[in-house]
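# Reading the structure
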Amino acid sequence: MKDRGQACSCPERIPSWAKKNKRLKDLHLTKTGLRTLSLASVCEEARCPNIAECFARPTATFLILGDICTRGCRFCSIRKGVPAPPDPREGERLAQAAATMGLKHVVITSVTRDDLPDQGAAAFAGTIRAIRKLLPGATVEVLIPDFSGRTDLIETVLRERPEVFNHNVETVGRLYGSIRPQASLKTSLAVLRTAREYSCDTVVKSGFMLGLGESKEEVAELLEALSRSGCEVVTMGQYLQPTAAQVPVSRYWSPEDFKRFSDIAKNAGIRYVISGPLVRSSYQAKEVLEEVRRNRIGVGKDGTCL
Ligand code: SF4
């Protein structure tokens, strides 16, 4: 019998729970809308398994600052290389697309832009402003890169008061060297801590994938660290190898395992946990935000967000 806590070096074929059917008509309509406005969605670039479900709603996670990343995380299928200079009108086009699609919750993310002096922080801020102008009723979620942990850049985004500030830790600390060689878990946790200390108005969220070689104990440790960093929403999903060029799946964790990890997260003090094989960081993002807002009662005497 396999030890549940250890990653297996020879995974089975993709289990049925890790697959989803695609509703091609809905996919095509939203993709056409994005193309018309020359926009990219991370749903397509990262080959998200929920693409049909989200595009059918319709909702999408917009990718700003191009579709070429300056880093080379080994699980990620986004192209690596030298990106083009930022397009100063991208935020307006994104807001226009979100308005045309009638979105009530807009998720914005980007590749990592280590080549830019502000690493793309101003583009996030400008995009939030453009959405507020064109879609004043919509809520905004940003899924930011680590900005190398620079507080000034993180605060450039936080000043625009996004309803949700998301930064994914992606994997457990031990695997950073082999999976995310240009990043560090310490920096990512500091990014989340900075957001938590900035204001309780913004929901602080993170997420990671399972199936890259982590053990159950390492996952529990990571969840504790996220809780200590003030993270109140965590998403956990199964890693699926996007193409043969990325690292293979080390293990397919079962739906029951995901339920166990969810319980561990809650015991660690994380209030909102979305855990399942097909969960990705923006999965049911609007519904999660609504739940947090329904339950929010204010700020405790010690500054804790209640
Ligand atoms: S930094 Fe983000 S977009 Fe770039 S390679 Fe890593 S996961 Fe992919």
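Residues numbered from 1 in each chain as written. Predicted model: local features only at pLDDT ≥ 70, side-chain atom pairs only at ≥ 80, totals over all residues.

## Details of the overall build of the protein
Each helix and strand in the protein was counted, giving eleven helices and ten strands. Evaluated residue by residue, the protein yields a buried proportion of 46% over its 306 residues. Excluding contacts between residues fewer than 6 apart, the proportion of contacts in the protein whose partners are at least 24 apart in sequence is 76%. (Helix = DSSP H or I, 4+ residues; strand = E, 2+ residues; numbered from the N terminus. Buried ≥ 20, exposed ≤ 12 C-beta atoms within 10 Å, placed from the backbone. Contact = placed C-beta atoms within 7 Å.)

## Things to note about the packing of helix α6 (residues 151-158) against helix α8 (residues 185-198)
Where α6 meets α8, the axes come as close as 10 Å, and the angle between the chain directions of the two elements is 50°. Taken together, α6 and α8 sit at an angle that is classed as oblique. For the pair α6 and α8, the crossing hand works out as right-handed. For the pair α6 and α8, the contacting residues are T151, I154, E155 and L158 in the first and V191, T194, A195 and Y198 in the second. (Axes fitted to C-alpha atoms, helices over the stretch in contact; angles between N-to-C directions. Parallel < 35°, antiparallel > 145°, perpendicular 65-115°, else oblique. Left-handed = near helix turned anticlockwise from the far one by under 90°.)

## As for the nonpolar core
Within the largest apolar cluster, 75 residues are counted, with the highest numbers of intra-cluster contacts made by I108, F124, V142, V157, L222 and V234. Here the element with the most residues in this core is helix α5 (residues 121-134); it accounts for six residues. The contact partners of V234, leaving out residues within four places of it in the chain, are S206, G207, L223, L226, A265, I270 and V273. (Core = buried A, V, L, I, M, F, W, Y, C linked by C-beta atoms within 7 Å.)

## Structural notes on the environment of L185
Position of L185 among the secondary structure elements: in helix α8. In this structure, the C-alpha to C-alpha distance between L185 and N168, residues 17 residues apart in sequence, is 9.9 Å. The contact partners of L185, leaving out residues within four places of it in the chain, are V169, G173 and Y176.

## Comments concerning the site of the ligand
What surrounds the ligand is the set C69, R71, G72, C73, C76, I78, V111, T112 and P145. A per-class count over the shell around the ligand returns six nonpolar, two polar and one charged. (Near = placed C-beta within 6 Å. Nonpolar A, V, L, I, M, F, W, Y, C, P; charged D, E, K, R; others polar.)

## Some points on helix α9 (residues 216-228)
When the terminal C-alpha atoms of α9 are compared, their 19 Å separation across 13 residues agrees well with the 18 Å that a helix rising 1.5 Å per residue should span. Buried residues of α9: V219, L222, L223, A225 and L226, and no others. One side of α9 carries all its buried residues, which in axial view fall inside an arc of 160°. Those residues of α9 that are buried lie in contact with α8, β8 (203-210), β9 (233-238) and α10 (255-267). Backbone geometry just after α9 places G230 at a positive phi near 90°. (Expected span 1.5 Å × (residues − 1). Arc of directions from axis to C-beta.)

## Focus on the confidence of the model for the protein
Summing up the model confidence of the protein, the mean pLDDT is 88 and the portion of residues at 70 or higher is 83%. Considering only residues more than four positions removed or in separate chains, one finds that residues 1-10, a stretch of pLDDT under 50, has 15 contacts. (pLDDT = per-residue confidence, 0-100.)

## What to know about the pairing of strand β10 (residues 272-275)
Here β9 pairs with β10 via four bridges, running parallel. Paired with M236 across the strands is S275, a residue of β10. With α10 bridging β9 and the parallel β10, this β-α-β connection has right-handed handedness. (Pairing = 2+ DSSP bridges. Right-handed = clockwise from strand over helix to strand, strands pointing away.)

## Topic: the environment of F258
When you line up the elements, F258 lands in helix α10. Since 21 C-beta atoms lie within 10 Å of it, F258 is described here as buried. C-alpha separation for the pair F258 and G276, spaced 18 residues apart in sequence, amounts to 5.3 Å. Excluding residues within four positions of it along the chain, F258 makes contact with M236, W253, S275, G276 and P277.

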